[in-house]
Amino acid sequence: MATSAIGAAWRAWTRLGHDVAMLQETLLAYAHYIAIFSLIVFLTSEAALCRAEWMNAAVVHRLARLDLIYLGAAIAVLATGLARTAWGMKGVDWYWHQPLLHAKVGLFVVIGLISLKPTFAFIRWRKAVRATGALPDAAEVRQVRRFVMVQAHLLMILPLLGAMLARGVGTR
């Protein structure tokens, strides 16, 4: 009887460990998904507002604010992604030896670099509106919007790379 009680306790203990690991994996994924969805929402908001025909002082201020929130969402995506590699079930060794992870991180960095042009433009526009009330000209707005749209289109590649990585396509 004592051995069956010990065996039952051991099975319960190992099951608890499995449940905790699965819960941790689930919460890490959830946090990462929420960060990704936030990033998409704020980039989409920038794309929707950054139009020459809608430009006014309020839109300039809103674009600058949205871009700051977009930056926060990008940092959250990066932080939660790193957390998944560090504390996720597959572990750091597995993730960081995968070419697809390097492709995802590289593409994310490229998107971040592309975002610098709109960020600096929004800051410059806000300063001009505050100082003189001058709005950006239509050609510049169209050019900045193009950069925002390039980011949005490149961003759509990241879920494909993530799905491939999760399913072992191209993994080592």
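Preceding this section is the structure that the text describes.
Concerning the overall build of the protein chain
For step 1, the next point in the chain: Check the secondary structure of the protein chain and you find 7 helices and 0 strands.
For step 2, the next point in the chain: The order of helices and strands in the protein chain, counted from the N terminus, is α-α-α-α-α-α-α.
For step 3, the next point in the chain: In summary, the protein chain has a C-alpha radius of gyration of 22 Å against a globular reference of 16 Å for 172 residues, an excess of more than 25%.
For step 4, the next point in the chain: Considering only C-alpha atoms, the protein chain reaches an extent of 85 × 30 × 20 Å along its principal axes.
For step 5, the next point in the chain: Here the protein chain holds 172 residues, and the buried ones make up 33% of them.
For step 6, the next point in the chain: In the protein chain, of all internal contacts separated by at least 6 residues, the share reaching a separation of at least 24 is 78%.
For step 7, the next point in the chain: Within the protein chain, one finds 18 positive and 8 negative side-chain charges whose respective centroids are separated by 1 Å.

Side note on the side chain of Glu-25
For step 1, the next point in the chain: Examined against the element boundaries, Glu-25 turns out to sit in helix α1 (residues 2–49).
For step 2, the next point in the chain: Within the buried set, Glu-25 has no salt-bridge partner at all; the shortest N-O distance to an opposite charge, 4.1 Å, is to Arg-84.
For step 3, the next point in the chain: Residues in contact with Glu-25, not counting those within four places in the same chain, are Arg-84, Gly-88 and Met-89.

A look at the packing of helix α4 (residues 99–114) against helix α6 (residues 138–155)
For step 1, the next point in the chain: Close contact between α4 and α6 brings their axes to 9 Å; oriented N to C, the two are set at 170°. Taken together, the axes of α4 and α6 are roughly antiparallel relative to one another. Here Leu-107, Val-110, Ile-111 and Ile-114 of α4 come into contact with α6, specifically with Phe-147, Val-150, Gln-151, Leu-154 and Leu-155.
For step 2, the next point in the chain: The residue makeup of the contact of α4 with α6, split by class, is 8 nonpolar, 1 polar and no charged.

Let's talk about the packing of aromatic side chains
Remark: the centre distance and the inter-plane angle together describe each pair of aromatic rings, the angle taken between the planes.
For step 1, the next point in the chain: Overall, the coordinates contain 2 aromatic pairs when judged by the stated rule.
For step 2, the next point in the chain: Here the aromatic rings of Trp-94 and Tyr-95 are separated by 5.2 Å at their centres, their planes lie at 80°, and the arrangement is edge-to-face.
For step 3, the next point in the chain: Here Tyr-95 falls in the buried class, since its relative accessible area comes to 9%.
For step 4, the next point in the chain: Measuring from ring centre to ring centre gives 5.5 Å for Phe-122 and Trp-125, while their planes differ by 65°; the resulting arrangement is edge-to-face. In this pair, Phe-122 and Trp-125 are both assigned in helix α5 (residues 116–131), 3 residues apart and thus about one turn of the helix distant.
For step 5, the next point in the chain: With a relative accessible area of 3%, Trp-125 lands in the buried category.
For step 6, the next point in the chain: Here the guanidinium or amino end of Arg-51 rests over the ring plane of Trp-54, the centre of that ring lying 5.1 Å away.
For step 7, the next point in the chain: The ring of Trp-94 has Lys-90 sitting right over it, with the charged end atom 4.5 Å from the ring centre.

Focus: the nonpolar core
For step 1, the next point in the chain: Counting 33 residues, the largest nonpolar core has Leu-39, Cys-50, Met-55, Leu-63, Phe-122, Trp-125 and Leu-158 as its most contacted members.
For step 2, the next point in the chain: Within the residue set of this core, elements represented by two or more residues are α1, α2 (57–87), α4, α5, α6 and α7 (157–166).
For step 3, the next point in the chain: At 9 residues, the largest contribution of residues to this core is made by α2.
For step 4, the next point in the chain: Setting aside anything within four residues of it in sequence, one finds Cys-50 in contact with Met-55, Leu-63, Phe-122, Trp-125, Val-141, Val-144 and Arg-145.

Overview of the packing of α5 against α6
For step 1, the next point in the chain: Their axes nearest at 9 Å, the elements α5 and α6 cross at an angle of 145°. Both α5 and α6 take part in a crossing whose hand is left-handed. Contact with α5, carried on its side by Lys-117, Pro-118, Ala-121, Phe-122, Arg-124 and Trp-125, involves Glu-140, Val-141, Gln-143, Val-144, Phe-147, Val-148 and Gln-151 of α6 and no other residues of that element.
For step 2, the next point in the chain: Considered class by class, the residues forming the contact of α5 with α6 number 8 nonpolar, 2 polar and 3 charged.

Considering a nonpolar patch on the surface
For step 1, the next point in the chain: The grouping of Val-105, Val-109, Leu-113, Leu-116, Phe-120 and Ile-123 at the surface amounts to a nonpolar patch, some 510 Å² of accessible area in total.
For step 2, the next point in the chain: When residues of the nonpolar patch are traced back to their parent elements, those giving at least two are α4 and α5.
For step 3, the next point in the chain: Tracing the sequence through the fold places Phe-120 in helix α5.

Reading guide: rules and limits
Residues numbered from 1 in each chain as written. Predicted model: local features only at pLDDT ≥ 70, side-chain atom pairs only at ≥ 80, totals over all residues. Heavy atoms only, no water. Helix = DSSP H or I, 4+ residues; strand = E, 2+ residues; numbered from the N terminus. Rg over C-alpha atoms; globule rule 2.2 N^0.38 Å. Buried < 20%, exposed > 50% of the residue type's maximum accessible area, 1.4 Å probe, protein only. Contact = heavy atoms within 4.5 Å. Lys, Arg positive; Asp, Glu negative; His and termini not counted. Charge placed at Lys NZ, Arg CZ, Asp CG, Glu CD. Salt bridge = Lys/Arg side-chain N within 4 Å of Asp/Glu carboxyl O. Axes fitted to C-alpha atoms, helices over the stretch in contact; angles between N-to-C directions. Parallel < 35°, antiparallel > 145°, perpendicular 65-115°, else oblique. Nonpolar A, V, L, I, M, F, W, Y, C, P; charged D, E, K, R; others polar. Phe/Tyr/Trp six-rings, centres within 6.5 Å; stacked < 30°, edge-to-face > 60°. Lys NZ or Arg CZ within 6 Å of the ring centre and 35° of its normal. Core = buried A, V, L, I, M, F, W, Y, C linked by side-chain atoms within 4.5 Å. Left-handed = near helix turned anticlockwise from the far one by under 90°. Patch = residues over 30% accessible without salt bridge, like charges linked within 9 Å, V, L, I, M, F, W, Y side chains within 5 Å. Areas by Shrake-Rupley, 256 points an atom, 1.4 Å probe, with all protein chains shown as cover.

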